[in-house]
Every structure is written in structure tokens, then in C-alpha cells.
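Chain and residue survey
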Amino acid sequence: YASKGVPISPDRVLITTGTSEGIELALSALVDEGDEVLVPLPTYPLYTAIIAKIGAHARYYRTDVQRDWQPDIDHLRSLVTPRTRVLVTIDPNNPTGAIYSTTARRAMLEIADEHGLTILADEVYGDLAFDGPLPLLSTLDRDAAVISLSSLSKAYLAPGWRTGWLV
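These remarks concern the structure in this document.

The rules we used
Residues numbered from 1 in each chain as written. Predicted model: local features only at pLDDT ≥ 70, side-chain atom pairs only at ≥ 80, totals over all residues. Heavy atoms only, no water. Axes fitted to C-alpha atoms, helices over the stretch in contact; angles between N-to-C directions. Helix = DSSP H or I, 4+ residues; strand = E, 2+ residues; numbered from the N terminus. Left-handed = near helix turned anticlockwise from the far one by under 90°. Contact = heavy atoms within 4.5 Å. Buried < 20%, exposed > 50% of the residue type's maximum accessible area, 1.4 Å probe, protein only.

Interhelical geometry of helix α1 (residues 18-30) versus helix α2 (residues 45-54) gives an angle of 35 degrees and a closest axis separation of 10 Å. Every pair of crossing elements has a handedness; the one defined by α1 and α2 is right-handed. Within the contact between the two elements, α1 uses Ser20, Ile23, Glu24, Leu27 and Ser28 and α2 uses Leu46, Tyr47, Ile50, Ile51, Lys53 and Ile54.

Here it is as C-alpha cells:
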């Protein structure tokens, strides 16, 4: 992370059994029954399953196929309520492959800051973008409440190793 522009000490890193465990740990720590989580649509189905397991509610923000699956920021903003706790970003996105624009990424950081939300940044495909590695979301605002998730399985070609992390 330091080599990618996000200086972080080792005590801020949690090794997990793959990104899936990291997603579950983060959501379980941040979200209570009845709370809301903002999730892109379409989404990676594990988010929906964990949110349901917790007894929370997924609020799906649109992504626009006509704009290369970019998040609809106005729609996202309209979904925030007093029960919203987490904003999930999956960038590059699974399943669409979209890479969010810097403008969209900054807008999501601003929305999270305005409403006291934690961003759960699923960045597992970040090193595999066609134009080279995607900057970590935290490089746009090092003080933002961002939990970055990734793993060895994709960029390091080690899918069976089940090693992930939260930063």
C-alpha cells in the first residue's frame, strides 16, 4: 500500500481467509440489524448474502450501462438515510468490469464524508485493469474512512491460497 501511495503501518492490516472473509468481517463490525448498506447494481452476490445474514438492508445504487457502468451519483445520494452505515465500492467492478472515473470516485468520497459513512472499497481487481493498475481509492483522500479489501487470488495468480486482507 505504501508503494501505491497509501502509507500504512502493519498494525492497520488484517490478514483474512480471502477477500470474502474480509467482506464479512467488515460488514459485521460496521452494520447492525436494520441498518442500510449502499451497494452497486449489478453487484457481487456475496454482499447481498452477508447483508441479509446480518439482518441489514441493501440499498442498490444504479450504475449506467450507457456510461460504461459508471455509478449514478445522484441516485446514490438519494438513497442515503439516517440508517445508512456503509458505502460499498467495487472498483474495478465485478461483474461489469467498469473502472469508475476519478470524478465518480471523488463524489463517492464526498457523499461518505457528508454522511459519516465508511467506504468498503473492494479493490481486488485493481492491479488487473487493462490500462495498468488502478490507484487505490484512499490515494484521493488519505483521511477518508475507507477500508480497502484485496487478496492474492487475482493479481498474484494464487486463487487457491485463500489469503486476503483489510487495510
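After that view, the rundown keeps rolling.
The subject of this paragraph is the environment of aspartate 68. Summarising the element assignment, aspartate 68 is placed in the loop between β3 (57-64) and β4 (70-71). Taking relative accessible area as the criterion, aspartate 68 reaches 61% and is therefore assigned exposed. Considered as a pair, aspartate 68 and serine 101 are 33 residues apart in the sequence and their alpha carbons are 9.9 Å apart.

Time to look at the environment of alanine 2. Summarising the element assignment, alanine 2 is placed in the segment before β1 (14-16). When its relative accessible area of 56% is taken as the criterion, alanine 2 is described as exposed. Expressed as a C-alpha distance, the spacing of alanine 2 and tyrosine 100, which sit 98 residues apart in the sequence, is 22 Å.

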